[in-house]
Amino acid sequence: MRRDATPRRYLMCPPAHFKVTYSINPWMDPTKPVDLPLAQTQWEELRDRYRSLGHTVETLVPDPALPDMVFAANGALVVDGRVLGARFAHPERAAEAELHLDWFRDHGFREIREPDHVNEGEGDFAVTATYLLAGRGFRSSPLSHDEAQEFFGRPVVGLDLVDPRYYHLDTALCVLDGDEIMYYPPAFSPGSRAVLRRLFPDALTASDADAGALGLNAVSDGRHVLFPQAAAGLSAPLRDRGFDPVPMDLGELLKGGGSVKCCTQELRP
Ligand code: ARG
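Cut-off values and rules
Residues numbered from 1 in each chain as written. Predicted model: local features only at pLDDT ≥ 70, side-chain atom pairs only at ≥ 80, totals over all residues. Heavy atoms only, no water. Pairing = 2+ DSSP bridges. Helix = DSSP H or I, 4+ residues; strand = E, 2+ residues; numbered from the N terminus. Contact = heavy atoms within 4.5 Å. Axes fitted to C-alpha atoms, helices over the stretch in contact; angles between N-to-C directions. Right-handed = clockwise from strand over helix to strand, strands pointing away. Buried < 20%, exposed > 50% of the residue type's maximum accessible area, 1.4 Å probe, protein only. Arc of directions from axis to C-beta. Near = heavy atom within 4 Å. Polar contact = N/O pair within 3.5 Å; in protein donor to acceptor, adjacent residues only side chain to side chain. Areas by Shrake-Rupley, 256 points an atom, 1.4 Å probe, with all protein chains shown as cover.

A. Local environment of the sheet that holds strand S15 (residues 265-266). Pairing within the open sheet is mixed, and its three strands lie in the order S2-S1-S15. Strands with a single pairing partner mark the edges of an open sheet, and in this sheet they are strand S2 (56-59) and S15. Relative to S2, strand S1 (residues 9-12) runs parallel, the two being bridged by four bridges. Note on S2: the bridge partner recorded for Arg-9 is Thr-56. Against the sheet, helix H1 (residues 36-52) touches S1 and S2, its axis set at about 165° to S1. Sitting on the sheet, helix H2 (residues 96-106) is in contact with S1, S2 and S15, with an inclination near 140° to S1.

Here you go:
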């Protein structure tokens, strides 16, 4: 099958002040040192790779008081040019939400909603051609699902996350193209697994090892799939489906519990 990439617009935030000083997910160990220059180089390689693939990358100004701000995916959800702001579950990240909203206000976005309910942006929302898939269980409130459905006018499918290592939907599920996804079934409750099988019978499912390397925290432009290189087992099945796997090393950012997707918010026109 021939795959076509479409040019995307992404919002990213350089990890200038990235560190692990608190722990709000099982990947974060504040006693483990972070190599900041290496984190910066890895992040720049991701940004430059997007640009070399023809995508536009916008950047946020990092705030020294917000060490997780590099995980820009969590700051909003943008679909049809409409912006649903984030409301973070943990006080440590709360102030990121306003910085994202300011960026949207300054960049010509007019349909902006300040959320009533806790939602961590694209961390827990994934956009397929037909649905808005929405994670809950660790961060985003189930009430944010109704809020998103009403705001975007797209059918929301709520999915229950049950394993703390996969605390955001984007750690366990990735939209490859249209209504094609890849995901890790054990991250979901039995009912949610059944829903995913019903809606996406042909989905690619990841092994324990590939999911455990955060391999599903990936970004696809419809053809190229950028994903954490340690999830090497994803390359062959992606290639079989006609995608071009693009392994990336974001090992330092993994210490914060994030990888390719967490660093990338998509601005959908
Ligand atoms: N340390 C961050 C947190 O726990 C990582 C966020 C990763 N982002 C993501 N989209 N999964 O909130």
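B. Highlighting the pairing of strand S14 (residues 244-248). Examined bridge by bridge, strand S13 (residues 224-228) and S14 share five bridges and lie parallel to one another. Counterpart to His-224 in the pairing with S14 is Asp-244. In this view, the connection linking S13 to its parallel neighbour S14 by way of helix H6 (residues 235-240) has right-handed handedness.

C. Layout of H2. Turning to H2, its buried residues number three or more, namely Glu-96, Ala-97, His-100, Leu-101, Trp-103 and Phe-104. Looking straight down H2, one finds that the buried residues subtend no more than 155° of arc, so they occupy a single side. Next to the buried residues of H2 lie S1, S2, strand S3 (76-79), strand S4 (82-85), strand S5 (112-113) and S15. Two residues or fewer after H2 comes Gly-108, characterised by a positive phi angle close to 80°.

D. Spotlight on the site of the ligand. The environment of the ligand is formed by 17 residues, the closest being Asn-25, Arg-93, Asp-170, Gly-256 and Cys-262. The separation between a nitrogen atom of the ligand and a polar side-chain atom of Asp-68 is 2.9 Å. Contact distances for the ligand include 3.0 Å between a nitrogen atom and a side-chain N or O atom of Asn-74. Protein chains shield 100% of the accessible area of the ligand, which is 350 Å² for the free molecule.

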